[in-house]
Amino acid sequence: MIENQTQNSSYIWLVLIIVLTMTALFSAGFDHDVVYYGVFLMASFFGIITLAHKERIELNRIALVFLLFILWSFISLFWSISPIRTVIEGIQLISFLLIYLLTKKLSQEGLDKLIKVLFLIIGGIALLGILEYLFVSGSRIHATFTNPNPFGIFMVIMFLMSFSMTLRSKSKGYMIFSILLLSAVFLSGSRASIGAMTVALIIPFFGINKSELKNSIIRFAIIFVSAFIFSQIALYASVYIRENVFVDKSLLDSITRSSSFVTSSLKGRLEFWRVAFELFKNKPLLGYGNGTFFSAYYIEYGTNEWYSRFTHNHYLQMAAEIGAVGVGLFLVFLWTSFKSVVYTAKRSDKPIFFWGMVAGLVAFLLHIGVDFTWNFPAVTMLFFFFLGGTSRVDAKVPLKLNKTASLIGLVLIIMITGWQLGSTKLYMKALDLEQTDSLEAALELTQKVNKIYPISPFGQSYESELLFKRYLTNKNAKDLKASFEAMERAINNGPYDAGTHAKMARLYKQTGDFENAEKHLQTATKYSAYVLNSFIDLGNLYLENGKTEQAEATFLAALERAPFAIKRAQENEKETIIDSVAIIRLTLANLYSQAGDQGKVQDQVNQLIEQKEEYPFLEKYFK
């Protein structure tokens, strides 16, 4: 990618290992600032070598097409329904491109060394997950990740490379790493990861001589059986070590989880895919903006138990977010990548890890078709690292950027990343100032940040809340007006965010404007899925204004969603939700009592009694 590949190679592999491993160690980069710091490091490094060594950045077809994809993602800011997420995910895309560019620049010696270090660190992460299984959780492992499924495919990608190297090397070390990584895959319980691995598993055998094929199959059998037995032992050992009730379950049962496959995994995904497809039909060309599926979902919510921040199919998610244009660019990127990998595959001087990396690429692309792996930067960075490692030789002369163009691009990347990260940190500082009773200082800082970072619904709604607090103290009409204007800006930056509409409703209610409070609460209920708060607030607003029929309809709508809310609630939230449902039933019973409808009163009481049998803490309402 850049002239003089061997120059500065020792620094390149160091930058890559820092970014790849640190991202993996800190929540896999999921909603974590480590991605921004990685972008700073990589962009600064490119800037230094451009200035100090006058090296020219080269963009091959893969990089050019992906750069166009990134630009389109940022262009979607103009119509995005969540500009802040569009920027955040755009920066993640930039980090992927930088990983690819650095990998292409790396010398073969540096690449070999980097892979060895990766094995050590990622092997350590796998071991951490296994120890977590043995001594802490006894459930599906995720180690430094926040979810077992991305962790599973992360381990699969590394396992496929390790396995490919095992087939081509007499080193027992690669076999040990293969067993360790495959054990972590089994204990992650990620069905999609194992499925993707199974499909891609044939690829490491490519290029193996027929005379070696039998030995290669035997090696695979040894690795598979060893990992399976080790994982099975770990399953029973975990129960024994933690002195838990013995669970008569085999490893196979733990992986397949057949009872939840149709009722949960498959059914949920089919609903997420339906929503994505409906969103795509709404805006087939442009989509709703990169990174906005979580917000657009409410538009097509099906009044059921299913809601997800991600589509669990990145191809469909792209269709919903960046439309046919974005999907088209991504498909061109995949086709260009495929041609480049095939070109390298035809060469006789392929490195020992080549076919393992190709298998990892295939497994990743399969997995993002059924899960949200793309949104875990550590995994996608590994994909782009593998892509760089398998497309190191360009069939055609790449585009060479001059010094000025390179520096402008790098400075722009650093500025955008600093804009995003710095603004977030300043908001946190404003929150700290408010906690120390420095309302004026918090407000002043928040207003300054909002001027330079006008895309944050959080920042603008926070400014509105601070202004309203000051209004309650000084009764200055200008503060009240400014409070409404700030909240309106927040709504414009998140039109489908129920929480922001609910905040606006509270402002109107506190100033006696019940008509506008009702309007925004109605909007909030429309985009709340099965979250009950806005329904309760709207129902109470109707009661306060004597609109009993509307109150009844709203509370009944809340009860319709209540089973979904309870089922999907986190354990630390479930009791609060159940308590809210009980209060709704008591409120309805009181309404029916006032109307003289004792049959409906008894129906609500009976249902509350049934709930009490399941949740004894509701006994307090019968004393």
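About the criteria used
Residues numbered from 1 in each chain as written. Predicted model: local features only at pLDDT ≥ 70, side-chain atom pairs only at ≥ 80, totals over all residues. Heavy atoms only, no water. Helix = DSSP H or I, 4+ residues; strand = E, 2+ residues; numbered from the N terminus. Rg over C-alpha atoms; globule rule 2.2 N^0.38 Å. Buried < 20%, exposed > 50% of the residue type's maximum accessible area, 1.4 Å probe, protein only. Contact = heavy atoms within 4.5 Å. Areas by Shrake-Rupley, 256 points an atom, 1.4 Å probe, with all protein chains shown as cover. Lys, Arg positive; Asp, Glu negative; His and termini not counted. Charge placed at Lys NZ, Arg CZ, Asp CG, Glu CD. Axes fitted to C-alpha atoms, helices over the stretch in contact; angles between N-to-C directions. Parallel < 35°, antiparallel > 145°, perpendicular 65-115°, else oblique. Left-handed = near helix turned anticlockwise from the far one by under 90°. Salt bridge = Lys/Arg side-chain N within 4 Å of Asp/Glu carboxyl O. Expected span 1.5 Å × (residues − 1). Core = buried A, V, L, I, M, F, W, Y, C linked by side-chain atoms within 4.5 Å. Nonpolar A, V, L, I, M, F, W, Y, C, P; charged D, E, K, R; others polar. Patch = residues over 30% accessible without salt bridge, like charges linked within 9 Å, V, L, I, M, F, W, Y side chains within 5 Å. Phe/Tyr/Trp six-rings, centres within 6.5 Å; stacked < 30°, edge-to-face > 60°. Lys NZ or Arg CZ within 6 Å of the ring centre and 35° of its normal.

### Looking at the overall build of the protein chain
Argument step 1. Each helix and strand in the protein chain was counted, giving 25 helices and 2 strands.
Argument step 2. Compactness check: the protein chain gives a C-alpha radius of gyration of 28 Å against a globular reference of 25 Å for 623 residues, within 12% of the reference.
Argument step 3. By the burial criterion, 54% of the 623 residues in the protein chain qualify as buried.
Argument step 4. Long-range contacts, defined as pairs at least 24 residues apart, comprise 74% of the intrachain contacts of the protein chain with a sequence gap of at least 6.
Argument step 5. Accessible area for the protein chain stands at about 27500 Å²; split by element, carbon and sulfur atoms hold 61% of it.
Argument step 6. Both charge centroids of the protein chain, one from 58 positive and one from 50 negative side chains, sit 12 Å from each other.

### Some points on the packing of helix α13 (residues 314-345) against helix α14 (residues 354-367)
Argument step 1. Two numbers describe how α13 lies on α14: the axes approach to 13 Å, and their chain directions differ by 165°. Considering the angle they form, α13 stands roughly antiparallel to α14. Where α13 crosses over α14, the two elements pack in a sense that is left-handed. Contact with α13, carried on its side by Y315, L334, V341, T344 and A345, involves F354, W355, V358, L361 and L365 of α14 and no other residues of that element.

### Topic: the pattern of salt bridges
Think of it this way: side chains of opposite charge can pair up when their charged atoms draw near.
Argument step 1. Summed over all chains, the structure comprises 24 salt bridges.
Argument step 2. We note a salt bridge from E271 to R274, for which the minimum N-O separation is 2.8 Å. Taken together, the residues span about one helical turn, with E271 and R274 both in helix α11 (residues 258-282) at a distance of 3 residues.
Argument step 3. Judged by relative accessible area, E271 falls into the buried class, the value being 12%.
Argument step 4. One salt bridge in this structure joins E278 and K281, with 3.3 Å as the shortest N-O distance. Of the two residues, E278 and K281 are both situated in helix α11; the distance of 3 residues between them amounts to about one turn of the helix.
Argument step 5. When salt bridges with common partners are traced through the structure, they connect D31, R85, E89 and R309 into a single cluster.

### What about helix α9 (residues 210-241)?
Argument step 1. The terminal C-alpha atoms of α9 lie 46 Å apart, and with 32 residues this matches the ideal 46 Å at 1.5 Å per residue to within 8%.
Argument step 2. Residues of α9 that are buried sit in contact with α5 (108-135), α6 (148-168), α7 (172-188) and α10 (251-256).

### With respect to helix α15 (residues 377-390)
Note that an α-helix has 3.6 residues per turn; residues three or four places apart therefore point the same way.
Argument step 1. Over its 14 residues, α15 runs 20 Å from end to end, which matches the ideal 20 Å to within 8%, given 1.5 Å per residue.
Argument step 2. Counting buried residues along α15, 14 of its 14 residues qualify, which places the element largely inside the surrounding structure.

### A closer look at the nonpolar core
Proteins that are soluble and globular tend to have nonpolar side chains buried together.
Argument step 1. Judged by nonpolar contacts, the single largest core of 140 residues is most densely connected at F66, M155, F333, F384 and F385.
Argument step 2. Those residues in contact with F66 that sit more than four places away from it in its chain are L93, F96, L97, F333, W374 and F384.
Argument step 3. Formed by 59 residues, the second largest nonpolar core is a distinct cluster that contains Y297, A558, A562 and V601.

### A word on unusual backbone geometry
Argument step 1. Residues other than glycine seldom take positive phi values, yet S27 does so here, at roughly 55°.
Argument step 2. Within the fold, S27 resides in the loop between α1 (9-25) and α2 (34-52).
Argument step 3. We classify S27 as partly exposed; its relative accessible area is 23%.
Argument step 4. With phi around 60°, A28 is a residue other than glycine that occupies positive phi space.

### Description of the packing of α6 against α14
Argument step 1. As a packed pair, α6 and α14 sit with axes 8 Å apart at the nearest point and diverge in direction by 160°. Between α6 and α14, the interaxial angle falls into the category roughly antiparallel. Crossing of α6 against α14: the hand is right-handed. Across the interface between the two elements, N149, I153, V156, I157, L160, M161, S164 and R168 of α6 pack against W355, G356, M357, A359, G360, A363, F364 and H367 of α14.
Argument step 2. In terms of residue class, the contact of α6 with α14 is built from 10 nonpolar, 5 polar and 1 charged.

### Some remarks on a nonpolar patch on the surface
Argument step 1. Side chains of L14, I18, M22, L25, F26 and L41 sit close together on the surface and give an oily, nonpolar patch of about 450 Å² of accessible area.
Argument step 2. When residues of the nonpolar patch are assigned to their parent elements, the largest contribution, 4 residues, is made by α1.
Argument step 3. When its relative accessible area of 37% is taken as the criterion, L25 is described as partly exposed.

### So, the packing of aromatic side chains
Argument step 1. Applying the stated rule across the entire model yields 49 aromatic pairs.
Argument step 2. For the ring pair F364 and F383, a centre distance of 4.6 Å and an interplane angle of 25° mean the geometry is stacked. One end of the pair, F364, is in helix α14; the other, F383, is in helix α15, and 19 residues separate them in sequence.
Argument step 3. When its relative accessible area of 4% is taken as the criterion, F383 is described as buried.
Argument step 4. By the ring-pair criterion, three or more aromatic residues cluster together here, those being F66, F69, F96, Y315, F330, F333, F364, W374, F383 and F384.
Argument step 5. One cation-aromatic arrangement involves K475 over Y471; the distance from NZ or CZ to the ring centre is 5.3 Å.
Argument step 6. Note that K612 overlies the ring of F622, its terminal NZ or CZ placed 5.3 Å from the centroid.

### Concerning the side chain of K612
Argument step 1. Take K612: it is sitting in helix α25 (residues 598-614).
Argument step 2. The buried category is assigned to K612, whose relative accessible area is 16%.
Argument step 3. If we skip the residues at most four places from it in the chain, K612 touches L618, E619 and F622.

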